[in-house]
Amino acid sequence: MVRVKNPDEIAQMVRSTALENKRIFSIVAHIDHGKTTTTDYLLKRAGLMSPDAAGELLLTD
Amino acid sequence: MQLENSSSPTNCLHARAGRSSDEEERKRGITIFTSVALLSYDYQGQNYLFQLNDTPGHISFTGEVSRALRGSDGVVLLVDALEGVMTQTETNIRLAVGEERCKPVLFINKVDRLIKELRLTPKEVGKRLEQIAMDVNSLIKKYAPDTGWRVSFQDGTIAIGSAKHGWGFTIDILKEKGIDPKVIFEKYEKGEEKWLRENLPLDEPLLRMIVKHLPSPKEAQPEKIRRIWPGDQDSELGKAMRGIDPDGPLMAMITKLFIHPRTKRVVLIGRVFSGTLRAGEQVRLLTAKRLERVQRLGVMEITDILDIPEIPAGNLFALYGFHCPAGETIVAPDMEGVTPFVEIKYAAEPVVSIAIKPLNPQELDKLGKWVKLWVSADPTAQFRIDEETKEYILSGIDPLQLEILTKRINEMVRIKVSPPIIVYREVPTQRGMEVQTKSNNALNRIKIYVEPLDPVTVDLIRKGVITDKMDRKERAKILHEKAGWDSREARRIWLIYGTNILVDNTRGAQRLDRIKSYIESNFIDFCNGATLAREPTLGVKAVITDAVVHTDPAHTGYSEVRSMVMAALNISFLTARPRLYEPILRIDITTPIGTEGQVMSILNKKRATIKQIQHMEDLVRITGEIPAAETQDLVDLLRSATQGRCFWGYEPSGFRELPKAMQVDKIMEIRKRKGLPLELPQPKLYEKNLYPVEKWTGPSFEI
Ligand SMILES: Nc1nc2c(ncn2[C@@H]2O[C@H](COP(=O)(O)OP(=O)(O)OP(=O)(O)O)[C@@H](O)[C@H]2O)c(=O)[nH]1
Ligand SMILES: Nc1nc2c(ncn2[C@@H]2O[C@H](COP(=O)(O)OP(=O)(O)OP(=O)(O)O)[C@@H](O)[C@H]2O)c(=O)[nH]1
Ligand SMILES: [Mg+2]
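Residues numbered from 1 in each chain as written. Chains lettered and ligands numbered in written order. Predicted model: local features only at pLDDT ≥ 70, side-chain atom pairs only at ≥ 80, totals over all residues. Heavy atoms only, no water.

## Notes on the overall build of chain B
Then step 1. Helix and strand counts for chain B stand at 21 helices and 31 strands.
Then step 2. Taking the principal axes of its C-alpha atoms as reference, chain B extends roughly 90 × 65 × 55 Å.
Then step 3. Counting all 703 residues of chain B, 58% fall into the buried class.
Then step 4. A total of about 29100 Å² of accessible surface is found on chain B, and carbon and sulfur atoms cover 50% of it. (Helix = DSSP H or I, 4+ residues; strand = E, 2+ residues; numbered from the N terminus. Buried < 20%, exposed > 50% of the residue type's maximum accessible area, 1.4 Å probe, protein only. Areas by Shrake-Rupley, 256 points an atom, 1.4 Å probe, with all protein chains shown as cover.)

Rendered as structure tokens:
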């Protein structure tokens, strides 16, 4: 499950040398294929965005 | 696996209504800048930290993709199920897996459209998805044949779903949950998207693919270093980087400048490859050759820096405290002379330009400052100043890129912007005559000839295999082995500028070094605006074969050198059968069956060449090449011919000789715009600098 962390925890994870638990990656695609919608969905699931700011709101467009 | 929506603790990261920090992005509904998000995720009892770059898709902003990839280990390729693999899908696969060695997984998005809009049967949907997987795999193979990478439904490296409706799965997840894929169709039939969202939430397959199939820095970095760092892999530094040693020598790269849309504050974003970056400490900028201090350090979270005083190897960072162009290598102060990272490779070169000038002429310098800043953030744009008109000429990949750029600049300095103009190239197509000229004071002489650079060398420059900055011997070796250069000549390259090369092939010409920088700067001027119409050159090799330089420096000033060098370059170029080349776009149009006839007839009128016609169920896909100059009203024509039902992509695809019948008219059109005399330039114009006789007796120039 996606989790929200407080800044201290994030800082700790960045400084941690347990590199196996890190992933640095990019989402790439042709224009409009849905990269931002996908990213926003993940952020929203993590509680990092108010739900109506991400994907589902777009149901109304 | 249970999912929950955590409640937000109150901290700076979470108080957001919408994510995009950028007015322009929100208004247009497209991504312009890459943004970095941090996510943490529990999977099988382990806690993971993700640093995710959401990149733009429009070709105008392809530079942002290249820069994000330089810091990444893996990539989620995303393909619209309805549109399938398009031009920028290919460009991005090339950049990601080919250039930057980021391991891929695939997410096929918008599957809802196949079901709801196209009303395809499960079998047809299956076929469509298989086709996309095949297309993606053949591109991965094309650009990274040595990696053996591929994506597959069976291995769980392909997820399908709908980001808009919030569901998705990989085959293994579907099996674990015992759900039959036909259920998806039923749920859509009944309008029960909520069921899908709750029972097949999209984060599960995505996060699982990322954890299981994308490499950690530890796995990815050794191979990545081999690709992006040309130094000795077995040196202390090479080992430290391959081993991601936080206690090793500091080696980091600036991959992006984040210019805050509101405050305009510049944050440098990059990745630490070895050692540890610390706030408050001094660092050395290898290319700029200076020391700077890191004032604030942390990680980027969309538009905020989350402060972290120490960032060890294997992480992205964000720092504040100084400016430098994207691509800079950062090391510890005592590491002068270390080999820097190879430059970031970009997918396209400038083909359109605009002229901008401040409304208030007093603000020219201030304008220059902002232009420089934005161009250092995105080197796919270039600028130069036109001394006569006091304008900045900005060039870029696409009109949209320039539009966005000028909007940004206009926020700081009010400017007047000319309409976008296509930038042609001036290309020599045969070897020109060796021309000897003298300076205006007749005390210096030079002998130069111009010839077309061979295509292999041009390609090596474009790919960044050979660069201006690299080690001379190394470069000579590559040119000799791969492009058949004479070894001596290859070692005597003075300058690589764009796709042009200046060579000193003199034998012991005395004092030539004294005027070297003047010759180089004139060669650069020549390459920025050549003889036909002051358009930039492409593939020019200029060879100096002899020179006489006066002993007294008082007689070898800049304007003396300029008069002989420019005359020699211009005359020799005119004898090298120079032609205008025009930028070409590769286009890719997918249109419903029945409308392809109209699309083809539009393309034919636009001087396009059709490369391939492919039938896919109810759609026809047409790929071809079209001159950029012919695309102005193309979009409207295509829309009305297909009632808006076709979609397309395009990307720059090099330059092609303008048809003979159009050459002279186009040259005159450009000359007129630039206030140059309305006639074909002639060697005779420069004859006053010819040596020994001030008279041109060779052929006149014609097309
Ligand atoms: N039907 C449907 N529409 C989607 C889906 N995902 C995204 N969209 C829509 O596609 C459009 C583009 O989505 P974005 O997420 O902005 O696409 P993007 O790839 O980030 O676009 P750029 O960053 O500009 O290249 C929006 O209108 C979305 O609502 C999906 O799964 N199904
Ligand atoms: N191809 C090319 N030739 C140039 C350029 N600038 C100057 N020249 C030519 O080089 C020669 C010497 O240049 P300058 O010393 O600047 O003389 P100039 O007559 O003031 O040059 P202009 O004002 O550009 O005509 C002249 O014959 C110019 O026509 C340039 O940008 N490109
Ligand atoms: Mg986007």
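## Quick look at the confidence of the model for chain A
In low-pLDDT segments, the atomic positions of the prediction should not be examined closely.
All names here are of chain A.
Then step 1. For chain A, mean pLDDT is 74; residues scoring 70 or higher make up 67% of the total.
Then step 2. When pLDDT is averaged over each element of chain A, strand β2 (residues 22–29) comes out on top at 96 and strand β1 (residues 2–3) at the bottom at 54.
Then step 3. Confidence over residues 50–61 falls short of pLDDT 50; this stretch has 23 contacts with residues more than four positions distant or in other chains. (pLDDT = per-residue confidence, 0-100. Contact = heavy atoms within 4.5 Å.)

## A few points about unusual backbone geometry
Then step 1. Across the junction of B:Y691 and B:P692, the peptide omega takes the value 0 degrees, indicating a cis bond.
Then step 2. Topologically, B:P692 is positioned in the segment after α21 (660–673).
Then step 3. Of note in this structure, A:D32 is not a glycine but carries a positive phi near 70 degrees.
Then step 4. Following the sequence through the fold, A:D32 ends up in the loop between β2 and α2 (35–45).
Then step 5. The residue B:R607 is not glycine, and still its phi comes out positive at about 60 degrees.
Then step 6. Tracing the backbone shows B:R607 in the loop between α19 (596–605) and β29 (609–616).

## A short note on the coordination of the magnesium ion (ligand 3)
Then step 1. In this structure, A:T36 (OG1) and B:T31 (OG1) serve as the protein donors to the magnesium ion (ligand 3), at separations of 1.9 to 2.0 Å. Of the two residues, A:T36 sits in helix α2 while B:T31 sits in the loop between α1 (23–28) and β1 (35–43), which places them in two different chains.
Then step 2. Judged by relative accessible area, which is 14%, B:T31 ranks as buried. (Donors = N, O, S within 2.8 Å, 3.2 Å for Na, K, Ca; no water.)

## Description of the pattern of salt bridges
Residues and elements named next belong to chain B.
Then step 1. Applying the stated criterion to the full structure yields 51 salt bridges over all chains.
Then step 2. Among the ionic pairs, E176 bridges to R208, the shortest N-O distance being 2.8 Å. Within this pair, whereas E176 is found in helix α6 (residues 171–177), its partner R208 is found in helix α9 (residues 203–213), the two being separated by 32 residues in sequence.
Then step 3. On the accessibility criterion, E176 (56% relative accessible area) is exposed.
Then step 4. Take R208: its relative accessible area is 8%, and that puts it in the buried class.
Then step 5. Among the ionic pairs, D633 bridges to K606, the shortest N-O distance being 2.7 Å. You can see D633 sitting in the loop between β30 (619–627) and α20 (634–641) and its partner K606 sitting in the loop between α19 and β29, a full 27 residues away along the chain. (Salt bridge = Lys/Arg side-chain N within 4 Å of Asp/Glu carboxyl O.)

## Topic: the site of ligand 1
Then step 1. Around ligand 1 lies a shell of 18 residues, among which A:K35, A:T36, A:T37, B:T31 and B:D112 are the nearest.
Then step 2. A distance of 2.5 Å separates an oxygen atom of ligand 1 from a polar side-chain atom of A:T37.
Then step 3. Between an oxygen atom of ligand 1 and a main-chain N or O atom of B:G57, the distance comes to 3.0 Å.
Then step 4. Burial of ligand 1 by the protein amounts to 87% of the accessible area it has alone, namely 650 Å².
Then step 5. Mapped onto the shell around ligand 1, the elements with two or more residues apiece are α2 of chain A together with α4 (111–116) of chain B.
Then step 6. Of all the elements, α2(A) adds the most residues to the shell around ligand 1, at three residues.
Then step 7. Residue composition of the shell around ligand 1, by class: four nonpolar, eight polar and six charged. (Near = heavy atom within 4 Å. Polar contact = N/O pair within 3.5 Å; in protein donor to acceptor, adjacent residues only side chain to side chain. Nonpolar A, V, L, I, M, F, W, Y, C, P; charged D, E, K, R; others polar.)

## A short note on the sheet that holds strand β25 (residues 493–497) of chain B
Within a sheet, neighbouring strands are paired by backbone hydrogen bonds and run either parallel or antiparallel to one another.
Residue and element names in this part refer to chain B.
Then step 1. As summarised here, the arrangement of the five strands in space is β23-β24-β27-β26-β25, forming an open sheet in which the pairing is mixed. Lying at the two open borders of the sheet, with one neighbouring strand each, are β23 (435–438) and β25. Neighbour to neighbour, the strand axes of the sheet diverge by 20 degrees on average, direction disregarded.
Then step 2. The pairing of strand β24 (residues 445–452) with strand β27 (residues 540–548) spans eight bridges and is classified as antiparallel. Considered in β27, the bridge of E451 is made with K541.
Then step 3. Sitting on the sheet, helix α17 (residues 516–528) touches β24, β25, β26 (500–504) and β27, and the angle it makes with β25 is about 30 degrees. (Pairing = 2+ DSSP bridges. Axes fitted to C-alpha atoms, helices over the stretch in contact; angles between N-to-C directions.)

## Comments concerning the environment of A:N6
Then step 1. Looking at the secondary structure, you find A:N6 in the loop between β1 and α1 (7–15).
Then step 2. Taking the C-alpha atoms as reference, A:N6 lies 34 Å from A:H30; in sequence the two are 24 residues apart.

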